[in-house]
Number of protein chains: 2
Amino acid sequence: MTLTICTYDWVPPGPRGFVRDIRLRWACGEAGLEYDVRSMPFDDRQGPAHRAQQPYGQVPFLQDGDLTIFESGACLLHLGEKSETLMPLEVQGRSEVTQWLISALNSIETVTVPWWFIGLSEPAENPLDGWMNGRLDHLEAVLAGRDWIAAGRFSIADILMVDALRIPRDHGALEERVALKDYVARGTARPAFVKARADQIAHFEAADATRETARS
Amino acid sequence: MTLTICTYDWVPPGPRGFVRDIRLRWACGEAGLEYDVRSMPFDDRQGPAHRAQQPYGQVPFLQDGDLTIFESGACLLHLGEKSETLMPLEVQGRSEVTQWLISALNSIETVTVPWWFIGLSEPAENPLDGWMNGRLDHLEAVLAGRDWIAAGRFSIADILMVDALRIPRDHGALEERVALKDYVARGTARPAFVKARADQIAHFEAADATRETARS
């Protein structure tokens with residue numbers, strides 16, 4: 001059964017390379033899972049057709065036979081069941097991977113995503129600075145002692161954690177945190193990440209011409 | 001094997017009833033799973049002993065035999081495997097429950113928790129108001145059509161989503177959202193929630209006397 005990763009048909013240049021379908025592309029690439037890409041109209045993302053599949057008007061969502069799954073974290077847990085490359089089989093390892101995947105979603109992104117969002121309007125002071133720095137310091141201490149976040153090996157937890165850390169990295173928040181910087185560098189150097197990012201950017205760029213035509 | 005829910009020995013009155021061990025107590029209560037409660041010193045929560053178990057100095061974490069798991073979402077997924085009361089057995093239902101549990105963690109709490117945190121300092125305007133209102137509107141549309149969030153039945157996804165919505169509710173953000181208000185009322189009326197909340201409050205209150213003695 002072919003997997004289908006659903007994403008927008010187009011996004012503006014800013015988010016290209018960061019749209020969360022990259023997490024699913026990356027996971028499939030690591031595991032050698034084939035997939036198609038289905039495009040949903042960006043301009044209709046708040047319409048009923050899109051929201052029937054993803055209630056917040058976001059992407060990605062994943063189709064696997066009769067199943068449709070939204071939330072990139074849930075999609076990664078689903079893909080993790082398909083390949084030991086993504087998720088260990090033994091109980092302790094599975095538990096660690098699940099724990100750290102959820103930690104990236106709820107202890108790191110719960111701070112870093114709104115920190116980034118608030119920063120877009122360039123306030124004199126970001127009210128989340130202190131909280132975010134505390135969280136990143138804690139995570140720095142963990143990653144100072146290991147190459148990958150869970151179970152002594154690469155897994156879907158790293159796909160999520162590395163991707164989550166790209167935004168703070170690109171906004172200067174990892175400068176003094178060598179272990180986190182090295183960790184993001186290690187993750188994003190993996191061929192499956194490099195290909196996922198390039199494929200996503202190519203996908204959105206390919207739509208530029210169509211939109212230009214439609215508007216001319 | 002007895003489960004052990006690890007939480008602080010004491011917290012100030014403000015967070016009592018909201019500390020996230022309530023999610024684990026609630027789940028165990030629904031499923032009839034016995035558990036012990038282990039207390040970790042609140043005053044040492046940033047020390048190495050605590051952070052060896054929970055890297056951010058937070059609670060809860062769960063012990064189940066040789067496994068120790070932090071992140072309430074990961075603990076709920078673990079408990080979900082123990083009882084069909086918490087998590088359906090069939091593939092479609094499991095997938096929906098996992099998806100909505102993660103949605104509560106990463107699409108709702110990623111906005112509501114920092115919104116609440118920023119609100120504590122009573123700014124003239126909360127920069128997350130618009131984003132949070134959009135998310136809650138989307139969720140209102142979903143819950144207008146169903147009693148429980150996933151798989152047509154109560155599950156760990158509701159434990160997480162109902163608990164996540166208590167903070168916006170208590171800060172007035174659900175006033176115009178009848179479906180969400182009713183949903184939170186429905187969830188928090190369940191006997192297992194009522195008992196979990198009472199047990200947590202009693203646990204922290206019991207430590208008040210000890211702390212008074214220690215300081216006198």
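So, how was this worked out
Residues numbered from 1 in each chain as written. Chains lettered and ligands numbered in written order. Predicted model: local features only at pLDDT ≥ 70, side-chain atom pairs only at ≥ 80, totals over all residues. Heavy atoms only, no water. Buried < 20%, exposed > 50% of the residue type's maximum accessible area, 1.4 Å probe, protein only. Helix = DSSP H or I, 4+ residues; strand = E, 2+ residues; numbered from the N terminus. Polar contact = N/O pair within 3.5 Å; in protein donor to acceptor, adjacent residues only side chain to side chain. Contact = heavy atoms within 4.5 Å. Buried area = accessible area lost by both parts, 1.4 Å probe. Salt bridge = Lys/Arg side-chain N within 4 Å of Asp/Glu carboxyl O. Least-squares fit on C-alpha atoms with pLDDT ≥ 70 in both. Phe/Tyr/Trp six-rings, centres within 6.5 Å; stacked < 30°, edge-to-face > 60°.

S.K.: Would you take a moment to explain helix H1 (residues 21–31) of chain B for this structure?
M.R.: Since one α-helical turn is 3.6 residues long, residues separated by three or four positions face the same way. The buried fraction of H1 of chain B amounts to nine of the 11 residues, a majority that puts the element mostly inside the structure. One or two positions beyond H1 of chain B, positive phi appears at Gly 32 of chain B, with a value near 70 degrees.

S.K.: Before we go on, may I ask you to explain the side chain of Thr 7 of chain B in this structure?
M.R.: All names here are of chain B. With respect to the helices and strands, the residue Thr 7 is situated in strand S1 (residues 3–8). Thr 7 sits in the buried class, given a relative accessible area of 0%. A polar atom in the side chain of Thr 7 sits 2.5 Å from the side chain of Asp 21. When residues no more than four places from it in sequence are discounted, the contact partners of Thr 7 are Val 19, Asp 21, Arg 25, Val 37, Arg 38, Ser 39, Met 40, Val 59, His 203 and Phe 204.

S.K.: Explain the interface of chain A and chain B here, please?
M.R.: Many authors give the size of an interface as the accessible area that is lost as the parts come together. Across the contact, 42 residues belong to chain A and 43 residues belong to chain B. The junction of chain A with chain B conceals about 3500 Å² of combined surface from both sides, 64% of it contributed by carbon and sulfur atoms. In this structure, the connection of chain A to chain B is made through zero salt bridges. Put simply, chain A and chain B have 19 residue pairs in polar contact (both at pLDDT 80 or more) between them. Secondary structure elements with two or more residues in the side of chain A that touches chain B: strand S4 (67–70), helix H3 (72–80), helix H4 (91–119) and helix H5 (129–143) of chain A. Tallying contributions element by element places H4 of chain A first for the side of chain A that touches chain B, with 18 residues.

S.K.: Can you help me understand unusual backbone geometry in this one?
M.R.: All names here are of chain A. Residue Pro 60 is reached from Val 59 by a cis peptide bond, and omega for that bond is 5 degrees. Along the chain, Pro 60 turns up in the loop between helix H2 (48–51) and strand S3 (61–64). You will see that Glu 71, though not glycine, has its phi angle at about 75 degrees, which is positive. Along the chain, Glu 71 falls in the loop between S4 and H3. According to the relative accessible area criterion, Glu 71 is buried, its value standing at 5%. At Glu 122, a position not held by glycine, the phi torsion is positive, near 50 degrees. Mapped onto the fold, Glu 122 is located in the loop between H4 and H5.

S.K.: For this particular structure, what's the right way to read the relation of the copies chain A and chain B?
M.R.: In this structure, two copies of a chain are linked by a rotation about an axis accompanied by a shift along it. In screw terms, the move from chain A to chain B is a rotation of 180 degrees and a rise of 0.0 Å along the axis, fitting with an RMSD of 0.0 Å. Expressed as an axis order, the relation between the two copies is that of a two-fold axis. Rotation axis and chain A: the residue whose C-alpha lies nearest the axis is Thr 110 of chain A, separated from it by 2.0 Å. Of all interface residues in chain A, 100% are interface residues in chain B too; the two copies therefore contact each other through one and the same surface.

S.K.: For this particular structure, what's the right way to read the environment of Gly 152 of chain A?
M.R.: All names here are of chain A. In this structure, Gly 152 sits in the loop between H5 and helix H6 (156–170). Here Gly 152 falls in the exposed class, since its relative accessible area comes to 76%. Between the C-alpha atoms of Gly 152 and Phe 193, which are 41 residues apart in sequence, the distance is 20 Å.

S.K.: Sorry if this is basic, but what is going on with the packing of aromatic side chains here?
M.R.: Residues and elements named next belong to chain A. Under the defined criterion, the tally for this structure stands at 18 aromatic pairs over all chains. Between Trp 26 and Phe 154, the aromatic rings sit 6.0 Å apart at their centres with planes inclined by 40 degrees, giving tilted as the arrangement. Highlighted residues: Trp 26 in helix H1 (residues 21–31) and Phe 154 in the loop between H5 and H6, separated in sequence by 128 residues. For the residue pair Trp 26 and Phe 154, the accessibility class agrees, reading buried in each case. Aromatic side chains Tyr 56 and Phe 70 sit 6.4 Å apart centroid to centroid with 80 degrees between the ring planes, which places their arrangement in the edge-to-face category. Here Phe 70 lies in strand S4 and Tyr 56 lies in the loop between H2 and S3, a separation of 14 residues in the sequence.

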